[in-house]
Amino acid sequence: MDATTVLAVICSAIVFAGWVVLPHSATPIVKASVLSEERTPVSVSA
Amino acid sequence: MKIDSGDTAWVLASAALVMLMTPALGFFYGGLVRRKNVLSTIMHSFFILCLISVQWVLWGYSLAFGPDKFHLIGGLEWIGLNNVGFTPNADYAPTIPHQAYMVFQMMFAVITPALISGAFAERQRFKAFVIFSLLWATFVYDPIAHWVWGAGGWLHNLGALDFAGGTVVHISSGVSALVAALVLGRRLGFGKEKVEPHDATMTVLGACLLWFGWFGFNAGSAVAAGSLATSAFVVTNTATAMAALTWMTVSWYHKRQPSVLGAAAGAVAGLVAITPASGFVNVMGAIVIGFGAGVFCYMAIQLRERIHVDDALDVWAVHGIGGTWGALATGLFATVAINSTAANGLFYGNPKQVLFQLAAIGASWAWAAGGTFVILKIVNIFVPLRVQEDEELLGLDISQHGEPAYAL
């Protein structure tokens, strides 16, 4: 195995291992009621 | 010299693939700007496709690839495609018509100034952009292309390797982008209000089309349909994928979430970095190059943000740094097992190749930076580079082109 291959294996291992160990923080969810208020149609009839 | 129909078909198809990259770039950039500037951003790429297509046949190809003058520039003997016919040119591509090679190279000359447009997006006056692009293509791109690829060019003679344009295309455009961002100054509200991409889907689609077109860019640079083109195709795909994976991992670590736009930017960084190396490295080298592109280009964006430079769409970070890494990595991982007409790199017993690569990197950085600065200052004497404040607030689609992008 030449030096380039060794480096490639190390790089791949770092990336693949990263997905396993990295924590994931979900974006805070906006309450559904707020969204529905924004979507309420405004009446323009007289 | 006998024309090979397979080689000719491949190079013409590659020219069409590379042509597609410029409008694809327009969509990649267009999604990243605010909706009031999307049309003007796409127009930069579309307009340059037209402008440089004409410049190239009139005098650009002659300056870049014409008979050598002092190892610095091509002569004017091929102006207006004079002496550029259908007989192959042995110096550049001995199995295809000379005009096929010319039109393939035209598409490289087209996309390079279009790349710079990402740096001054959302604030440059269109007229200034037109004049700048024409001068830049003539006085920055054409000389560097001659140094590196032209028969007799000094970097070519030195032994610097650049298969498809790491120095000629990406360092030149990336460094010029940084200079342009510094000369034009920041957008109104930069750093005070958040500038969100208006359509991330457009950007991802643009990145995918760039990836598709890049097969012509790199594999087409073999100027023959054979094993070298196949190798360039494979390493291009591998490095791109690896860079996208790496960027996602780094951004996940940094920002706690895997970014979709980050994946797209990472793919482009990988495409950039493998470009100079694509005809010289094997697939293991491509993995390392892709990994480096993901890490270094991401770090360059963090640095750019920290020093508050408004390179609006990170052209310097992706193309300048990605191109520099790719050019250097070519000196590390090149092997004659892939391309017997080239040279080995450091990892294959030839440390001198790194020095040649550094010379090409340094010369490209210096000429691009100096040339861009001078051209911008000259253009600014005749046409202000920036739009007025009220025009910038209104948006360039309306203020420069009189058309909205969306009638919703």
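Just so we're clear, the structure is a prediction, and the values are computed from it rather than from any experiment.

### Some details on the overall build of chain A
Right, so step 1: If you tally the helices and strands in chain A, you get 2 helices and 0 strands.
Right, so step 2: Per-residue burial for chain A yields a buried fraction of 9% across its 46 residues.

### A look at the overall build of chain B
Right, so step 1: Helix and strand counts for chain B stand at 14 helices and 2 strands.
Right, so step 2: A compact globule built from 408 residues would reach a C-alpha radius of gyration of about 22 Å, and chain B, at 20 Å, matches this within 12%.
Right, so step 3: Here the C-alpha coordinates of chain B stretch approximately 60 × 50 × 35 Å along the principal axes.
Right, so step 4: Across chain B, every contact between residues at least 6 apart in sequence was considered, and the portion connecting residues at least 24 apart equals 74%.

### Some points on the environment of Ile131 of chain B
Residue and element names in this part refer to chain B.
Right, so step 1: Tracing the backbone shows Ile131 in helix α4 (residues 126–149).
Right, so step 2: Residue class for Ile131 comes out partly exposed when judged on the 16 C-beta atoms lying within 10 Å of it.
Right, so step 3: It is 9.4 Å that separates the C-alpha atoms of Ile131 and Leu376, two residues lying 245 residues apart in sequence.
Right, so step 4: Sequence-distant contacts of Ile131, defined by excluding residues within four places in its chain, comprise Val379 and Val383.

### A word on the packing of helix α7 (residues 200–219) of chain B against helix α8 (residues 227–255) of chain B
All names here are of chain B.
Right, so step 1: Two elements in contact, α7 and α8, have axes whose closest approach is 9 Å; the angle formed by their N-to-C orientations is 140°. By the criterion of interaxial angle, the relationship of α7 to α8 is oblique. Seen from above, α7 lies across α8 with right-handed handedness. The segment α7 lies against α8, with Trp211, Trp214, Phe215, Asn218 and Ala219 engaging Ala229, Ala232, Phe233, Thr236 and Thr240.
Right, so step 2: Here the contact of α7 with α8 is built from residues that sort into 7 nonpolar, 3 polar and no charged.

### Describing the packing of helix α1 (residues 5–32) of chain B against helix α3 (residues 98–116) of chain B
All names here are of chain B.
Right, so step 1: Running from amino to carboxyl end, α1 crosses α3 at an angle of 15°, the nearest separation of the two axes being 9 Å. Judged on the interaxial angle alone, α3 and α1 are roughly parallel. As for how α1 packs across α3, the hand of that crossing is left-handed. Together, Thr8, Val11, Leu12, Ser14, Ala15, Val18, Met19, Met21, Thr22 and Leu25 of α1 and Ala100, Tyr101, Val103, Phe104, Met107, Phe108, Val110, Ile111, Ala114 and Leu115 of α3 make up the contact between the two elements.
Right, so step 2: Here the contact of α1 with α3 is built from residues that sort into 17 nonpolar, 3 polar and no charged.

### Here we look at α3 of chain B
Right, so step 1: Between its terminal C-alpha atoms α3 of chain B stretches 29 Å, which fits the 27 Å expected from 19 residues at 1.5 Å a residue.
Right, so step 2: Burial analysis of α3 of chain B places 18 of its 19 residues in the buried class, which makes it a mostly covered element.

### Brief notes about the nonpolar core
Residue and element names in this part refer to chain B.
Right, so step 1: Ranked by size, the top nonpolar core spans 152 residues in total, and within it Leu210, Val268, Ala269, Ala273 and Ile289 carry the most contacts.
Right, so step 2: When residues of this core are assigned to their parent elements, the largest contribution, 14 residues, is made by α3.
Right, so step 3: When neighbours within four sequence positions are excluded, Ala273 is seen to be in contact with Ala239, Ala243, Ile289, Gly290, Gly292, Ala293, Gly322, Trp325, Gly326 and Ala329.

Analysis parameters
- Residues numbered from 1 in each chain as written.
- Chains lettered and ligands numbered in written order.
- Predicted model: local features only at pLDDT ≥ 70, side-chain atom pairs only at ≥ 80, totals over all residues.
- Helix = DSSP H or I, 4+ residues; strand = E, 2+ residues; numbered from the N terminus.
- Buried ≥ 20, exposed ≤ 12 C-beta atoms within 10 Å, placed from the backbone.
- Rg over C-alpha atoms; globule rule 2.2 N^0.38 Å.
- Contact = placed C-beta atoms within 7 Å.
- Axes fitted to C-alpha atoms, helices over the stretch in contact; angles between N-to-C directions.
- Parallel < 35°, antiparallel > 145°, perpendicular 65-115°, else oblique.
- Left-handed = near helix turned anticlockwise from the far one by under 90°.
- Nonpolar A, V, L, I, M, F, W, Y, C, P; charged D, E, K, R; others polar.
- Expected span 1.5 Å × (residues − 1).
- Core = buried A, V, L, I, M, F, W, Y, C linked by C-beta atoms within 7 Å.

Worth remembering: the numbers are spatial, not functional.
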